[in-house]
Every structure is written in C-alpha cells, then in structure tokens.
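Summary of the model geometry
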Amino acid sequence: MDDVLLYFSLKYQGDFDRQYLALQMKEPIDQVLFDELKSKLNSNYITILDERYPDSLKAINYPPFVLYYKGDLSLLDTKSVSMIGMRNPSEYGLKEAEHLSGYLANKNITVISGLTAGIDTKIHETCIDHQGKTITVMPCGIDY
C-alpha cells in the first residue's frame, strides 16, 4: 500500500483531493510512470501508514499521505517550537528571531519553520550556528 500512496503523491504532486479520488476510484497504477517518477525522487519518504508518521498530522483534516524528508526523522519526536515570520522583516524582527531561536537551540528545543527568505531563514541559520536542531516544513515538497 505504501507504493500506491507514493505513486499517487508523486503523480498528483501532493494534491490531496486528486490523490484521495484516485484511491477511492481504485485508479490503476502505471508501473512505467511509477518507476520514472520514483527514479527522480531526491529524498526519503514515509507514508501515513508508517508507524513513524506523526500522530499530530494524522489528526488534521487533510493529512499528507506521504511525507518527504531529508535528515533525521526522529526530530519529529523531540520537544519543538514552530516559528514563522515575514519575508521582508525589519532589523528588529531579525534580531529578535535570532535571539529567540538561539535561546531555543541552546535549550535543546527543535525549531520548526518554513524555508522562505527573511525571518524563517534567520531562524534556521541561527539554530545551525548554535548546533541546534531545526526542521523545515515546505508546502511544495523537496524537489520543487
């Protein structure tokens, strides 16, 4: 079943409604297309059926059927804080993002943010500078 979920996730580029419909309609898998899509995959993945899939994501209305990742998946089980911010922040905003994310990294708290310019970038850079742990959440997938 994992391969079925991966196939539809890749084919429909993460579009929940299209994946769900394909599953409901028992759309056949084109093995040639699947092999081609999978060969281009530049990351690891887990499906919603995997025991490592976060329970918190299973509880939302439209959970992703597949999570693509690079790095240490066990970070999903650590104490964490999510932070987001503006793409064009003020100097004060950057300074405070750096201060807060550095503090959290020093307390061994994983910091989760997007990977956009501005505050989000500053958060990740600061965590890395402090040898902290950071997770990037991207709405588009690793390959986009």
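What counts as what
- Residues numbered from 1 in each chain as written.
- Predicted model: local features only at pLDDT ≥ 70, side-chain atom pairs only at ≥ 80, totals over all residues.
- Heavy atoms only, no water.
- Helix = DSSP H or I, 4+ residues; strand = E, 2+ residues; numbered from the N terminus.
- Buried < 20%, exposed > 50% of the residue type's maximum accessible area, 1.4 Å probe, protein only.
- Areas by Shrake-Rupley, 256 points an atom, 1.4 Å probe, with all protein chains shown as cover.
- Lys, Arg positive; Asp, Glu negative; His and termini not counted.
- Charge placed at Lys NZ, Arg CZ, Asp CG, Glu CD.
- Pairing = 2+ DSSP bridges.
- Axes fitted to C-alpha atoms, helices over the stretch in contact; angles between N-to-C directions.
- Core = buried A, V, L, I, M, F, W, Y, C linked by side-chain atoms within 4.5 Å.
- Contact = heavy atoms within 4.5 Å.
- Right-handed = clockwise from strand over helix to strand, strands pointing away.
- Salt bridge = Lys/Arg side-chain N within 4 Å of Asp/Glu carboxyl O.
- Parallel < 35°, antiparallel > 145°, perpendicular 65-115°, else oblique.
- Left-handed = near helix turned anticlockwise from the far one by under 90°.
- Nonpolar A, V, L, I, M, F, W, Y, C, P; charged D, E, K, R; others polar.

Along its length, the chain carries six helices and five strands. When the elements of the chain are put in sequence order from the N terminus, they spell out α-α-α-β-α-β-β-α-β-α-β. Expressed as lengths along the three principal axes of its C-alpha atoms, the size of the chain is roughly 55 × 30 × 30 Å. Residue burial in the chain is summarised as follows: out of 144 residues, 34% are buried. For the chain, the computed accessible surface area is about 9,500 Å², with 53% contributed by carbon and sulfur atoms. Of the side chains in the chain, 14 bear a positive and 20 a negative charge, and the two mean positions are spaced by 2 Å.

This brings us to the sheet that holds strand S3 (residues 80-82). A sheet is described by the order of its strands in space; here three strands give the open sequence S3-S4-S5, paired in parallel fashion. Two strands bound the open sheet, and with one partner strand each, they are S3 and strand S5 (134-136). Taken pair by pair, the neighbouring strands of this sheet meet at an average axis angle of 20°, ignoring direction. Strand direction decides the pairing type here: strand S4 (residues 110-113) and S5, joined by three bridges, are parallel.

Our focus in this paragraph is the nonpolar core. Core analysis: the biggest nonpolar cluster contains 18 residues, and Leu-6, Ile-46 and Phe-65 have the highest contact counts within it. Those elements giving two or more residues to this core turn out to be helix H1 (2-11), helix H2 (16-24) and strand S2 (66-69). Of the residues forming this core, the biggest block, five residues, is contributed by H1. In contact with Phe-65, not counting residues within four places along its chain, are Leu-5, Phe-16, Gln-19, Tyr-20, Leu-23, Ile-46, Thr-47 and Ile-48.

Judged by which residues are buried, S4 turns out to be covered on both faces: Thr-110 and Ile-112 on one side and Val-111 and Ser-113 on the other are all buried. As a crossover connection, the stretch from S3 through helix H5 (residues 91-106) into S4 is right-handed. A crossover connection joins S4 to the parallel S5 through helix H6 (residues 119-129); in handedness this β-α-β unit is right-handed.

All chains considered together, the criterion is met by four salt bridges. Between Asp-3 and Lys-38 there is a salt bridge whose closest N-O contact spans 3.9 Å. Highlighted residues: Asp-3 in helix H1 and Lys-38 in helix H3 (residues 31-39), separated in sequence by 35 residues. By relative accessible area, Lys-38 is classed as partly exposed at 34%. Across the pair Lys-40 and Glu-36 runs a salt bridge, and its minimum N-O distance is 3.4 Å. Given a relative accessible area of 55%, Lys-40 falls into the exposed group. Exposure remark for Glu-36: the relative accessible area of 39% places this residue in the partly exposed category.

Orientation of H1 relative to H2, taken along the N-to-C sense of each, is 135°, at an axis distance of 9 Å. Here H1 lies oblique to H2, going by the angle between them. In terms of crossing hand, the pair formed by H1 and H2 is right-handed. Taking contact as the criterion, the partners of Val-4, Leu-5, Phe-8 and Ser-9 in H1 are, on H2, Gln-19, Ala-22 and Leu-23. Residues of the contact of H1 with H2, tallied by class, amount to five nonpolar, two polar and no charged.

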